[in-house]
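Close look at the chain arrangement
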Amino acid sequence: MAAFCLRVLLLWAGILVVTNSTMTTAETPQYCFNPSEIQQIKPTGLPAEITTTLPDLPKCKNLSVSYTCSDNNKAVVNLSELEPFTDYSCTGLILQNNISINKTTPSVHVRVDCELTITNINKISSNTSIELRWKTTSKNCQQELPRLHELSYDCSCKKDGPKPVTATSPDGRTCVITGLNPFTGYTCRVRAKYKNKIQDSTGGEVKLQTKVGTPAAVTNLQVHLQDQNMIKVSWHRPSTFNGPEENYIIRLNTADDKEVTKKEEKTKCTKYEVEFKDLSYSTSYKVKVSASNGHYESSPVIVHIDTLHNNPVITAVRVFLTITPLVLMWVVYKIKVQNLKQSLTNRNHEGRRRPDGAAPQS
């Protein structure tokens, strides 16, 4: 009886030994290697993959790693969901036969920069706008480019001095920059953005010139009546010609807008003057002055003026007023000459009346 009881106890003890042995075998992968021995190669592109090399030991078979990553906002995503231009900390859960052994890999810092290149820029310009179209390629993310919905672009055009004019292109294929100056050279650039942050990219810069536009109107136009039938026209240069040439067209029209005569000026000055002579008396005229750049003509600046009646009295008065100063100058001159001659004659007579040897009077 005692022996039977001993056997039962031994058997029970044996069961415990087997059970303990089985548990030890199941837990062996937790201790068959040190996680720091795992080799991990960071991804350089998208879709992201971390290449993991696990120790090749007899007791460490059928092992795999499942990675999860978190960004600076602590949002947890799978490795396949990583976005470009974002910093992540990724940690792998070690599995055996797809079952966790409660061991993880050391964390890995992951950031994928797509190395974007902007090429094949097609440019179309008007006199106040520029349209750009382009193609984007990526060394590291080419496969994922169509799915990068947060990828957009900034387009800017700049000339020397002023702040660049910018436009945003959400779809990343074309943009139109408006508000530019005609006949002006610009350096335009396309830059990639991800989540509204500018990212490094190569290419994307072109130089071009906007087309010729319409000149600005002349300034300070003045018309003066120089005589009864002669007028003088003066004006100042416009603010811009928006084209290659700087010309002026001066038209003299009747009151009902029939052209009488036209003059063109091509000299480059700040102030300009022309005259119209031998016009009809007592007639209303329109003087129109416009700027031209060889392609387009500005809106004319118009001034109305009337010539005077052909009055002989007025003409005579004007002739008199013109001649009188000359006559007065001539009379004054003759008087001075006569006085000088008389003074010389008097001195000669006094010299003859003095006795010999007498000292001349002072």
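Structure shown above.
Read on for a plain summary of the structure.

Conventions we followed
- Residues numbered from 1 in each chain as written.
- Predicted model: local features only at pLDDT ≥ 70, side-chain atom pairs only at ≥ 80, totals over all residues.
- Heavy atoms only, no water.
- Core = buried A, V, L, I, M, F, W, Y, C linked by side-chain atoms within 4.5 Å.
- Buried < 20%, exposed > 50% of the residue type's maximum accessible area, 1.4 Å probe, protein only.
- Helix = DSSP H or I, 4+ residues; strand = E, 2+ residues; numbered from the N terminus.
- Contact = heavy atoms within 4.5 Å.
- Disulfide = S-S within 2.5 Å.
- Patch = residues over 30% accessible without salt bridge, like charges linked within 9 Å, V, L, I, M, F, W, Y side chains within 5 Å.
- Areas by Shrake-Rupley, 256 points an atom, 1.4 Å probe, with all protein chains shown as cover.
- Salt bridge = Lys/Arg side-chain N within 4 Å of Asp/Glu carboxyl O.
- Pairing = 2+ DSSP bridges.
- Axes fitted to C-alpha atoms, helices over the stretch in contact; angles between N-to-C directions.
- Phe/Tyr/Trp six-rings, centres within 6.5 Å; stacked < 30°, edge-to-face > 60°.
- Lys NZ or Arg CZ within 6 Å of the ring centre and 35° of its normal.

**Some details on the nonpolar core**
One finds Leu 82, Cys 90, Leu 132 and Trp 134 to be the most contacted residues of the largest nonpolar core, which totals 38 residues. Ranked by residues supplied to this core, first place goes to strand β13 (residues 185–194) with five residues. If sequence neighbours within four positions are ignored, Cys 90 has contacts with Ile 50, Tyr 67, Thr 68, Cys 69, Leu 79, Leu 82, Pro 106, Ser 107, Val 108 and Val 110.

**Things to note about the state of the cysteines**
With the rule as written, the count across this model stands at four disulfides. Two residues share a disulfide in this structure: Cys 69 and Cys 90, whose sulfurs sit 2.0 Å from each other. Since a negative S-S torsion denotes a left-handed disulfide, the Cys 69-Cys 90 link at about 110° is right-handed. Linking Cys 69 in strand β3 (residues 63–71) with Cys 90 in strand β5 (residues 88–96), this pair joins segments that are 21 residues apart in sequence. A relative accessible area of 1% places Cys 69 in the buried class. Paired by a disulfide, Cys 114 and Cys 141 hold their sulfur atoms 2.1 Å apart. Here the disulfide of Cys 114 and Cys 141 is left-handed, its torsion about the S-S bond being about -90°. With Cys 114 in the loop between β7 (108–110) and β8 (116–125) and Cys 141 in the loop between β9 (130–138) and β10 (151–158), this residue pair connects regions lying 27 residues apart in the sequence. Grouping residues by exposure puts Cys 114 and Cys 141 together as buried.

**A closer look at the environment of Cys 114**
Its relative accessible area of 0% is what places Cys 114 among the buried residues. In sequence terms Cys 114 and Asp 200 are 86 residues apart; their C-alpha atoms lie 9.0 Å from each other. Those residues within four positions of Cys 114 in sequence are excluded, and the remaining contacts are Pro 84, Phe 85, Ser 138, Lys 139, Asn 140 and Cys 141.

**A look at a nonpolar patch on the surface**
A cluster of nonpolar side chains, Ile 323, Val 327, Trp 330, Val 331, Tyr 333 and Ile 335, forms an exposed patch at the surface whose accessible area comes to about 590 Å². Relative to the helices and strands, Ile 323 resides in helix α2 (residues 312–353).

**Side note on the sheet that holds strand β18 (residues 230–236)**
Ordered by their spatial adjacency, three strands build an open sheet running β17-β18-β21, and the pairing between neighbours is antiparallel. Lying at the two open borders of the sheet, with one neighbouring strand each, are β17 (219–227) and β21 (271–276). Across the sheet, the mean angle from the axis of one strand to that of its neighbour is 15°, orientation sign disregarded. Two elements, β17 and β18, share six bridges in a ladder whose sense is antiparallel. Bridge pairing links Gln 222 to Ser 234 in β18.

**As for the pairing of β3**
As a general feature of sheets, a regular strand has side chains that alternate between the two faces. Pairing between β3 and β5: nine bridges, direction antiparallel. What sits directly across from Ser 70, in β5, is Ser 89. Of the strand pairs in this sheet, β3 and strand β4 (residues 76–78) are connected by three bridges, and their pairing is antiparallel. Across the sheet, the residue bridging to Thr 68 is Asn 78, located in β4. In this antiparallel pair of consecutive strands, β3 and β4, the connection spans four residues, and Lys 74 shows a positive phi of 70°.

**Remarks on the packing of aromatic side chains**
Within a pair of aromatic rings, the relevant descriptors are the distance that separates the centres and the angle that separates the planes. Within the structure shown, the criterion is met by six aromatic pairs. Summarising the aromatic geometry, the rings of Tyr 248 and Tyr 272 are spaced 4.4 Å apart at their centres and angled 50° between planes, so their arrangement reads as tilted. Placement of Tyr 248 in strand β19 (residues 247–254) and of Tyr 272 in strand β21 is noted, with a sequence separation of 24 residues between them. For the residue pair Tyr 248 and Tyr 272, the accessibility class agrees, reading buried in each case. Grouping aromatic residues by their ring pairs yields a cluster made of Trp 235, Phe 241, Tyr 248 and Tyr 272. Above the ring of Phe 276, the side-chain terminus of Lys 263 is found at 4.7 Å from the ring centroid.

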